[in-house]
Amino acid sequence: MQEKPSDPVVRYNYFKSAHKKNELFPSFDNLTVWEYQHVVSSCASESDLTWAREAINTWRPDWRIDERVVESTSQVWYRNSPIPFNNGFKSVLEGGGKCGPRSSWAVFICQAFGIPAIGVGQPGHACVAYKAADGWHVAYGRGWQVSRLEGMSGPDFLAGVEARSHVTVFSQVEHLRWLASTPASNEQAAAVMGVARALAQSTPATQIDLTAAEKAEEAEADPGAKSASTSRPLRAKQASTSTTKPEAPFRAVPSVIHVEAASFAKMGGQVSYGGLQTAGVWVHDGFTGGKQVHFQPHMGSAWVDYTINVPATGIYGLTMRVAVVNREQVLDISSGTSKLATINIPNSYGLWETTAAVDIKLSRGTQTLRVSTPFQRGVTLRWFELKLKGARL
C-alpha cells in the first residue's frame, strides 16, 4: 500500500528536521518520550508524511485550527475502493475504503503533524485513538469500553495513561517493579510488588466516560448517514484565528481578468445531509496568505456569483487554481441561464494545480458569472482567470 518506512535513525532525523522547520503542530513540543513513540513509529514513508502536511495546508487549512486534522478521515470515502492502494496514502484518500483504510488514514494524518495516534480494534471494526490537548480520544468508532489497543483493553490503556501522568509516582512504581524482577526470594519480590501496588493506588483516578467517542456516527458511513451510535462532539471549531501574512496584491496583466475566489458577490446552494453542511461555500484563510473557497463535499448543489467587468466582447481562455483529493471533480461556469463551460479537474492530491484553459464567449460590459458544483466530493478554489484570445469590436 505504501513505501516501507525508513530505519529508526533516518526516521528520527526526519521528524527532527520537520520540527526545526515548524512543520509539526505546537503540541509536539510538550509530548513525553512514550507519546513521541506513537508519532515516529508511523508506518508511512517520509514522502507520504511530507505530502500529507502539504495537502492539508493547501486543501483544508481550517483543520489546522485546534489541531483537528483527524477530521480529514471523514473525506475517506466509505466504500470498497475502485483503485488499488499502490500510490501510498494518496490512494486511500482518492479511492476510499472501509474501516481498515479509514483507521490507517486517521493514524497516519495525526502522526504526520506530530500528534500521537494508535490504531484501535473493536468488534467487527477498526478506528483510531489520538492525543488531543485535553487527553486521549477514540474516534470513528464506539467508545473505550469495546476498544483494544497496545495489546490491552481501552480502559486498561487509559489507566496506563493516567498512571504516566503522575510522573514521580509512576517512576517509583516502575523502579520497584524492576527491583522485584531481579533475583530474589519469592517473599522479597512479593513484598516489593506490594509496595508498588500501594503506590500505584495512592493517586486518585480521573473519571472518564468510557462510552464516549468522536465521530461515532461515521463509524460505518460517509458524513450525514444515519447511525444508532452516540457521538461525543469534537471540540468546537474556533472562529478563524489565522496569523498567516496577507498576500501581496495581485499584479494586473493586460487582457487578463483575475478574480480571487473569496471576492464573490453572493453564494448559495442546497444541503443534502445537513449537520455540518451550510447552504453555500466555506471561506478559509490560506496557509501562505490570502483567502480561498471550499465547495463542501456531498452538497446537493453549491454556487458563488462573481461580478466582473469584461473589457471587450470575445473569446476568453478560462483557467482556475484549484486543489482536490479525488478524481472526476468539476466546476460549472454559467451566466444567467446559460452554461458556458464545465471545468474538468484532475486529481491534484490536495495541492494547488491550474486547470487547462477552456474557451468561453463573453460580451463586453459588467456581468455575473456563476461557479457551481454538482453532488461530488469537494473542491477548493483559490482564483480564476479569463485571458482574452480574440476580440470582436
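Residues numbered from 1 in each chain as written. Predicted model: local features only at pLDDT ≥ 70, side-chain atom pairs only at ≥ 80, totals over all residues. Heavy atoms only, no water.

A.B. asks: I would appreciate a short explanation of the nonpolar core in the present structure.
C.D. replies: Here is a general trend for soluble globular proteins: nonpolar side chains tend to be buried in one another's company. Core analysis: the biggest nonpolar cluster contains 53 residues, and Trp-105, Phe-108, Trp-136 and Phe-157 have the highest contact counts within it. Of all the elements, helix α5 (residues 99-112) adds the most residues to this core, at 7 residues. Sequence-distant contacts of Trp-105, that is, excluding residues within four places in its chain, are made with Trp-51, Ser-72, Thr-73, Val-76, Phe-89, Val-92 and Leu-93. Judged by nonpolar contacts, the second largest core, of 32 residues, contains Tyr-316, Met-320, Leu-362 and Leu-386. (Core = buried A, V, L, I, M, F, W, Y, C linked by side-chain atoms within 4.5 Å. Buried < 20%, exposed > 50% of the residue type's maximum accessible area, 1.4 Å probe, protein only. Helix = DSSP H or I, 4+ residues; strand = E, 2+ residues; numbered from the N terminus. Contact = heavy atoms within 4.5 Å.)

A.B. asks: What should I look at first to understand the side chain of Arg-382 in this one?
C.D. replies: Considering the arrangement of structural elements, one finds Arg-382 in strand β17 (residues 379-391). Take Arg-382: its relative accessible area is 6%, and that puts it in the buried class. Polar side-chain contacts of Arg-382 include one of 2.6 Å to the side chain of Glu-260. (Polar contact = N/O pair within 3.5 Å; in protein donor to acceptor, adjacent residues only side chain to side chain.)

A.B. asks: In this structure, what is going on with helix α3 (residues 46-59)? I would like to understand it.
C.D. replies: Helix length check: α3 (14 residues) gives 20 Å between terminal C-alpha atoms against 20 Å at 1.5 Å per residue, within 8%. Counting buried residues in α3 gives 11 out of 14 residues, a clear majority hidden from the surface. Within α3, the full set of buried residues consists of Glu-46, Asp-48, Leu-49, Trp-51, Ala-52, Arg-53, Ala-55, Ile-56, Asn-57, Thr-58 and Trp-59. (Expected span 1.5 Å × (residues − 1).)

A.B. asks: Would you mind going over the packing of α3 against α5 with me for this structure?
C.D. replies: Between two packed helices, what matters for the description is the angle formed by their axes and the separation of those axes. Contact geometry of α3 with α5 gives a least axis separation of 9 Å together with a crossing angle of 85 degrees. Between α3 and α5, the angle is such that the two are roughly perpendicular. In contact with Asp-48, Leu-49, Trp-51, Ala-52, Arg-53 and Ile-56 of α3, α5 contributes Trp-105, Phe-108, Ile-109 and Ala-112. (Axes fitted to C-alpha atoms, helices over the stretch in contact; angles between N-to-C directions. Parallel < 35°, antiparallel > 145°, perpendicular 65-115°, else oblique.)

A.B. asks: Quick question: what am I supposed to make of the packing of helix α1 (residues 8-20) against α3 here?
C.D. replies: One way to put it is that α1 packs onto α3 with a least axis distance of 11 Å and a crossing angle of 20 degrees. In terms of their interaxial angle, α1 and α3 are classed as roughly parallel. Here α1 and α3 pass one another in a crossing that is right-handed. Of the residues in α3, those touching α1 at Val-10, Arg-11, Tyr-14, Phe-15 and Ala-18 are Glu-46, Leu-49, Thr-50 and Arg-53. Classifying every residue of the contact of α1 with α3 by side-chain character gives 5 nonpolar, 1 polar and 3 charged. (Left-handed = near helix turned anticlockwise from the far one by under 90°. Nonpolar A, V, L, I, M, F, W, Y, C, P; charged D, E, K, R; others polar.)

A.B. asks: What's the story with α5 in this structure? I'm lost.
C.D. replies: Every α-helix winds through 3.6 residues per turn, so residues three or four apart in the chain are directed the same way. Between its first and last C-alpha atoms α5 spans 20 Å; for 14 residues at 1.5 Å apiece the expected length is 20 Å, and the two agree. Summarising burial for α5: 12 of the 14 residues are buried, a large majority. Those residues of α5 lying buried are Cys-99, Pro-101, Arg-102, Ser-103, Trp-105, Ala-106, Val-107, Phe-108, Ile-109, Cys-110, Gln-111 and Ala-112. In this structure, the buried residues of α5 make contact with α1, α2 (33-40), α3, α4 (89-95), β1 (117-122) and β2 (125-132). After α5 finishes, the residue Gly-114 shows a positive phi value of roughly 90 degrees.

A.B. asks: Would you explain empty space enclosed by the protein in this entry?
C.D. replies: The gaps left among the atoms become clear once a water-sized probe is rolled over them. As enumerated under the stated definition, the model contains 1 cavity of 30 Å³ or more in all. Its volume calculated, the largest cavity comes out at about 50 Å³. For the largest cavity, the full set of lining residues is Thr-73, Cys-99, Arg-102, Ser-103, Ala-106, His-125, Ala-126, Cys-127, Val-128, Ala-139, Tyr-140 and Ala-219. Of all the secondary structure elements, the ones that give two or more residues to the lining of the largest cavity are α5 and β2. Classifying every residue of the lining of the largest cavity by side-chain character gives 8 nonpolar, 3 polar and 1 charged. (1 Å grid on protein atoms, 1.4 Å probe; cavity = no way out; pocket = protein on both sides within 12 Å on 5 of 7 lines; lining within 4 Å. Points joined across faces, edges and corners; volume = space filled by probe spheres on them.)

A.B. asks: Would you mind showing me how to read the pattern of salt bridges here?
C.D. replies: Once the charged atoms of two side chains with opposite charge are near each other, the side chains can pair. Enumeration according to the criterion identifies 13 salt bridges in this entry. Of the charged contacts, one joins Arg-53 and Glu-23 as a salt bridge, the two residues approaching to 2.8 Å between their closest N and O atoms. With Arg-53 in helix α3 and Glu-23 in the loop between α1 and α2, the pair connects residues that are 30 residues apart, well separated along the chain. A salt bridge links Arg-68 to Glu-71; the shortest N-O distance between them is 2.7 Å. The same class applies to Arg-68 as to Glu-71, namely buried. Through salt bridges with shared partners, a single network forms among Lys-21, Glu-23 and Arg-53. (Salt bridge = Lys/Arg side-chain N within 4 Å of Asp/Glu carboxyl O.)

These figures capture arrangement, not role.
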